[in-house]
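The chain contents come next:
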Amino acid sequence: MYDSNSKPNASRGKKWNRSKFVQKMKRHGQRGVQLELDEYKYLSAILDNITRDKETEERQLMASNVMGQLKGKEIRTAMNLVGSRVLENLLVYTDEETFAPLMDLFAENFRVFCGDTFASHVLQRVLSIALLRAVAPLQIKQEPDTAEDEHARKKQKAGGGGGEGWTEKCIWPGVEYCLQEEYSEQHRQQCRKFVERMTKFLMNNLEEFVSDCNASHAIRQVILHLAGITEKKAVEGSESKHLIVPEEWQKLLHEIGERILAWPQFVDLASTEVTAVLLQDLLRAVAITNDEFHLKQFLSKLYKEVFRPNKKETKYDPDSETQPETSNLPPLFTNSSMLRVLEMCVAVAPAEFLKNKLYAKLFRNHVKQLAESKTGNFAVQKLIDHTTEKDLMDLIFAELEDSLEQLLSMRHTGVLLAMARACGRLSCQQGKFVKLLLDALHCGESTPEKMIMAVLCLLPADGTNAPADPPNILLHGSLILQAILYYTKPIKFVTALLGMPNDRLAEIFLDQRGSFVANAFIESKFVGEKSREKMVRHLEGQYSRLALNIYGSRVVQIMFEAGSPEQRENIVHELAEECLAQLNNKVWSAKINKQLLVETYKNNPAQWRVLIKRDVKVTQMFNKLVDGKKRKLES
C-alpha cells in the first residue's frame with residue numbers, strides 16, 4: 001500500500017498537483033468555444049497568476065481588472081475551458097456593480113448555461129455566490145472561543161477565505177469572504193431574487209433537465225442551497241454546519257420534492273447515476289430542514305417502490321426462526337446507483353425506520369455477504385455507523401462475527417473500523433470484538449510489539465505479510481486502535497503499548513497516522529492516571545527524536561501536558577541537552593521551543609520552574625472558566 005511518508009518531499013504533493021492542474025487547463029484550454037488567440041493567452045496568464053498566497057485586496061483588484069477586460073464577452077468566455085476556470089475563481093471577489101449585471105445576464109441565458117459543459121460550472125459558482133451574499137445577515141455571528149480558534153480562522157482566511165463545499169480545482173473558494181464582506185441591502189435582495197428565479201426556472205423545466213449531466217448539477221446545487229448546504233459532497237458531521245436560509249426557500253424545496261414524488265418515472269430515478277445523485281442530495285436537503293413528514297414520504301416511497309417492489313409486507317420478528325434465502329443478493333444490491341441511494345437513506349432515516357424497514361427487510365441475513373462484496377461493504381459501513389440501538393447492533397454483530405478474518409484478507413477494513421467505533425459508541429460487544437480481532441490477526445498470544453503492529457498494519461502477526469520495517473501503518477488500523485483505547489476495559493492494549501521498546505513506540509508516534517494513538521491513550525478516561533504517567537516516563541530518551549519530527553512534535557506536547565512537574569522537567573531537560581540547536585530549524589520544533597521554554601531552561605532552570613509553575617496556575621484558572629478546555633502553554 002502507498003505510504004506518503006516513504007517519499008521525499010511528500011508535503012509538496014498538493015502544490016505540485018495544483019501546478020499540474022493549471023498546466024493541463026492551459027494545454028486543453030481551447031476546448032469549448034474557441035477564443036481569439038490574444039484572449040486565450042490573456043486568460044492563460046491570469047490562470048497562472050491565480051495562486052493561494054495572494055491577499056484579498058490583490059484578488060479584488062484582479063477580479064475588477066479582468067471583468068473589465070471581459071465586459072461583453074462573458075458568455076463566450078464561460079463556454080471555454082480556461083475561461084470558465086478563470087471566472088469561477090474571480091467572480092467571488094467582484095463588487096456589487098460588476099456582479100449584479102452578471103446575474104441578470106445569466107438569468108436571461110439560463111438554458112444556454114445549463115446545457116454547456118463549461119458554462120454550467122460558472123452558473124453554479126454564480127448561484128453559490130448569490131446564496132452566500134443573500135443569507136449572510138441571517139447567520140449567527142460567533143466569536144472565536146480561544147486564541148487557537150482565532151489563529152485557525154486567520155489561517156483559513158489567508159488560505160482562500162474558507163473552502164467548505166467548493167472543489168480543490170477552485171483555488172479561491174471564498175466562502176468565508178462572501179459571508180463576511182459588507183454588501184448593500186439592495187444587492188442582497190438582488191442575489192436572493194436570482195436564487196429564487198433560477199430555482200423556479202429549473203423546477204419548471206425539471207423533466208427536460210433532470211437527465212442532462214450538466215443541468216442536473218445545477219438542479220442539485222439549487223436543492224442543496226435551498227437547505228443552506230454549501231458543499232456538494234456529503235461529509236460525515238458536516239450537516240450541522242448548514243447556513244440559515246429564508247423560510248420561503250424551504251417552501252420552494254418542499255415544492256421541488258413534491259414534484260419529484262409525483263413524477264410517473266420516479267422509480268427509474270434511482271437506477272441511473274445522474275438521477276440517483278439528485279435523489280441523494282434531495283434526501284440530504286430534506287433531512288437538514290427537519291421536515292420529518294416530507295422525509296418519511298421520500299423514505300417510504302423509495303422503500304416500497306424502489307427497494308422492495310412487489311414485495312408483500314410482513315411484520316418484523318427478530319426471534320423468527322424462518323430465515324430468508326441468502327444465496328443471492330436482492331437486485332437492489334447489484335445496482336450501484338440504487339445502492340448509493342440506499343446508503344443515503346440509511347444515513348438520514350429515523351432510528352425506527354432504519355431498524356424495522358431498512359435493516360429488517362433489506363439487510364437482514366445479507367450483512368455478511370454484503371460486507372464481503374466490493375460495492376456492498378460501504379452500505380454495511382453506513383448501516384453500522386448510523387445504528388443507535390444496542391439490540392440492532394447485536395444483530396448486525398452476530399452476522400459478522402465469523403467473518404473478520406475474511407474481511408481482513410479482502411482488505412475490507414472499513415467494516416472492521418465501523419464495528420470498532422459502534423461497539424465503543426453503544427458500549428456493547430467490546431470484549432468480544434477485541435477477542436475476534438486478535439484471533440483474526442493471529443496475535444492474541446504474541447509479544448506486545450507484534451500485537452500492536454498487527455493491529456496498526458492490519459496484517460496477521462504470524463503470516464508471510466508481516467508488518468514492514470519501518471512499519472506501513474494503515475489509517476484504518478490506527479483508527480481501530482484509537483477506538484479500542486476508548487473502550488471501558490482497554491487494559492490489554494494499554495499494557496501492550498507500555499510493554500513495547502520505547503524506540504519502536506517512538507517509530508509509531510513519528511508516523512502521521514500512528515501519532516494519533518498518543519491522543520487516544522492520554523485522552524481516554526478509561527486509561528488510568530498511573531498508565532498515563534508510565535507512558536510519559538516510558539518515552540524518555542526519545543523526546544529529542546520526536547520533537548524534530550512534524551508529527552512527533554505534537555506527541556511531545558501531548559506528553560508534556562499529561563506529565564507530572566518532575567516529568568515535564570525531564571522532557572525539557574532532554575530537549576535542552578540533546579537538540580536545542582536544531583529546534584529552531586523547523587516550524588513545528590520551533591513551536592516546541594517556544595511553548596515549553598526549552599531555551600529558558602537551558603539558560604536558567606530555576607527561572608523556568610517559576611515560569612512554568614505560574615503558567616500552570618493560569619491554565620488551571622482558565623480551565624475552570626471555560627469548562628475544562630485545555631489551553632496551550634505560551635511563554
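Residues numbered from 1 in each chain as written. Predicted model: local features only at pLDDT ≥ 70, side-chain atom pairs only at ≥ 80, totals over all residues. Heavy atoms only, no water.

Taking an unreviewed UniProt entry as the reference, the chain is identified by name as PUM-HD domain-containing protein belonging to Anopheles stephensi.

Let's shift gears to the overall build of the chain. A count of helical and extended segments in the chain gives 38 helices and 0 strands. The buried share of the chain, taken over its 635 residues, is 50%. When contacts within the chain are restricted to residue pairs at least 6 apart in sequence, those whose partners lie at least 24 apart make up 71%. Surface exposure of the chain reaches about 31,200 Å², of which carbon and sulfur atoms provide 51%. (Helix = DSSP H or I, 4+ residues; strand = E, 2+ residues; numbered from the N terminus. Buried < 20%, exposed > 50% of the residue type's maximum accessible area, 1.4 Å probe, protein only. Contact = heavy atoms within 4.5 Å. Areas by Shrake-Rupley, 256 points an atom, 1.4 Å probe, with all protein chains shown as cover.)

Together, Asp-53, Glu-55, Glu-57 and Glu-58 make up a negatively charged patch on the protein surface. Looking at the element boundaries, Glu-58 is found in helix H3 (residues 56–69). (Patch = residues over 30% accessible without salt bridge, like charges linked within 9 Å, V, L, I, M, F, W, Y side chains within 5 Å. Salt bridge = Lys/Arg side-chain N within 4 Å of Asp/Glu carboxyl O. Lys, Arg positive; Asp, Glu negative; His and termini not counted. Charge placed at Lys NZ, Arg CZ, Asp CG, Glu CD.)

Under the counting rule described, the total for this entry stands at 8 aromatic pairs. Between the aromatic rings of Phe-201 and Phe-209, the centroid separation amounts to 5.8 Å while the plane-to-plane angle is 45°, which identifies the pairing as tilted. Of the residues examined, Phe-209 reaches a relative accessible area of 5% and is grouped as buried. Lying over the aromatic face of Phe-99, Arg-133 brings its terminal NZ or CZ to 4.5 Å of the ring centre. Above the plane of the ring of Phe-560 lies Arg-568, whose end atom (NZ or CZ) is 5.0 Å from the centre. (Phe/Tyr/Trp six-rings, centres within 6.5 Å; stacked < 30°, edge-to-face > 60°. Lys NZ or Arg CZ within 6 Å of the ring centre and 35° of its normal.)

In this section: the pattern of salt bridges. All chains considered together, the criterion is met by 21 salt bridges. Between Arg-76 and Glu-39 there is a salt bridge, with its nearest N and O atoms 3.5 Å apart. With Arg-76 in helix H4 (residues 74–78) and Glu-39 in helix H2 (residues 37–49), this residue pair connects regions lying 37 residues apart in the sequence. Look at Arg-76 and you get partly exposed, because its relative accessible area is 33%. Residues participating in the shared-partner salt-bridge network are Glu-39, Lys-73 and Arg-76.

The next subject is a nonpolar patch on the surface. Side chains of Leu-138, Ile-140 and Ile-244 sit close together on the surface and give an oily, nonpolar patch of about 280 Å² of accessible area. Topologically, Ile-140 is positioned in the loop between helix H8 (119–135) and helix H9 (147–158). Judged by its relative accessible area of 64%, Ile-140 falls in the exposed class.

Structurally, Ser-403 can be placed in the loop between helix H22 (390–400) and helix H23 (404–409). Side-chain polar atoms of Ser-403 contact the backbone oxygen of Leu-400, separated by 2.9 Å. (Polar contact = N/O pair within 3.5 Å; in protein donor to acceptor, adjacent residues only side chain to side chain.)

Here the focus is the nonpolar core. Membership of the largest hydrophobic core comes to 201 residues, with the highest contact counts inside it found for Phe-363, Phe-509 and Met-559. When residues are assigned to domains, this core turns out to be shared by domain 1 (23–139 + 173–234) and domain 2 (540–624), each giving three or more. Look past the residues within four positions of Met-559 in its chain and what remains in contact with it is Phe-509, Ala-518, Ile-522, Met-535, Val-536, Leu-539, Tyr-543 and Ile-571. (Core = buried A, V, L, I, M, F, W, Y, C linked by side-chain atoms within 4.5 Å. Domains from an automatic or database assignment.)

In this section: the state of the cysteines. Summed over the entire model, instances satisfying the criterion amount to 0 disulfides. Free cysteine: Cys-191, not disulfide-bonded; nearest cysteine sulfur from Cys-178 at 9.0 Å. Counting only cysteine sulfurs, Cys-423 is the nearest neighbor of Cys-428, a cysteine outside any disulfide, at a range of 5.2 Å. (Disulfide = S-S within 2.5 Å.)

Mapped onto the elements, Leu-362 comes out in helix H19 (residues 351–363). Sequence separation between Leu-362 and Phe-307 is 55 residues; the distance between their C-alpha atoms is 7.8 Å. With residues near it in sequence (within four places) discarded, Leu-362 still touches Tyr-303, Phe-307, Arg-308, Leu-332, Phe-333, Leu-342 and Lys-357.

With that settled, consider unusual backbone geometry. Note on backbone geometry: most residues besides glycine have negative phi, and most peptide bonds are trans. Of note in the backbone geometry, Asn-290 takes a positive phi value of approximately 60° without being a glycine. Accessibility expressed as a relative area gives 65% for Asn-290, which makes it exposed. The backbone of Gln-429 shows a phi angle near 55°, a positive value even though the residue is not glycine.

Summary statistics for the chain give a mean pLDDT of 83 and a share of 80% for residues scoring 70 or more. Note on residues 1–16: pLDDT under 50 across the span, and 12 contacts to partners over four residues away in sequence or across chains. Low pLDDT, under 50, characterises residues 144–166; the predicted model gives this stretch 44 contacts beyond four residues in sequence or across chains. (pLDDT = per-residue confidence, 0-100.)

What follows deals with helix H14 (residues 247–261). Along its 15 residues, H14 runs 21 Å from first to last C-alpha, staying within 8% of the 21 Å computed at 1.5 Å per residue. Every buried residue belonging to H14 is among Trp-249, Leu-252, Leu-253, Ile-256, Gly-257, Ile-260 and Leu-261, and all of these are buried. (Expected span 1.5 Å × (residues − 1).)

With that out of the way, let us pick up the packing of H2 against H3. The N-to-C vectors of H2 and H3 enclose an angle of 170°; their axes lie 12 Å apart at closest approach. By the criterion of interaxial angle, the relationship of H2 to H3 is roughly antiparallel. Judged by the sense of rotation from one axis to the other, the crossing of H2 with H3 is left-handed. Packed against H2, whose contacting residues are Tyr-42, Ile-46 and Asn-49, the element H3 presents Met-62, Asn-65, Val-66 and Gln-69 at the interface. (Axes fitted to C-alpha atoms, helices over the stretch in contact; angles between N-to-C directions. Parallel < 35°, antiparallel > 145°, perpendicular 65-115°, else oblique. Left-handed = near helix turned anticlockwise from the far one by under 90°.)

Quick look at the packing of helix H26 (residues 448–457) against helix H28 (residues 491–499) now. Axis separation between H26 and H28 bottoms out at 8 Å; the angle between their running directions is 115°. What the angle tells us is that H26 and H28 run roughly perpendicular. In terms of crossing hand, the pair formed by H26 and H28 is left-handed. For the pair formed by H26 and H28, the contact residues are Pro-448, Met-451, Ile-452 and Val-455 on the first element and Lys-492, Phe-493, Ala-496, Leu-497 and Gly-499 on the second. Of the residues belonging to the contact of H26 with H28, the class tally is 7 nonpolar, 1 polar and 1 charged. (Nonpolar A, V, L, I, M, F, W, Y, C, P; charged D, E, K, R; others polar.)

Looking at the element boundaries, Leu-339 is found in helix H18 (residues 336–348). The spatial distance from the C-alpha of Leu-339 to the C-alpha of Phe-307 is 9.3 Å, given a sequence separation of 32 residues. Leaving out residues up to four positions away in the same chain, Leu-339 has contacts with Leu-332, Phe-333, Thr-375, Gly-376 and Ala-379.

This part covers the side chain of Gln-139. Within the secondary structure, Gln-139 is located in the loop between H8 and H9. Side-chain polar atoms of Gln-139 contact the backbone oxygen of Val-135, separated by 2.7 Å. Within polar-contact distance, the side chain of Gln-139 engages the backbone oxygen of Ile-244 at 2.8 Å. Once residues lying within four places of it in the same chain are set aside, the contact partners of Gln-139 are Leu-179, Leu-243 and Ile-244.

Further remarks concern helix H27 (residues 475–485). Taken across its 11 residues, H27 has 8 buried, putting it largely inside the fold. Every buried residue of H27 is accounted for by Gly-477, Ser-478, Ile-480, Leu-481, Gln-482, Ala-483, Ile-484 and Leu-485. Where the residues of H27 are buried, they touch helix H24 (413–426), helix H25 (430–440), H26, H28 and helix H30 (516–523).

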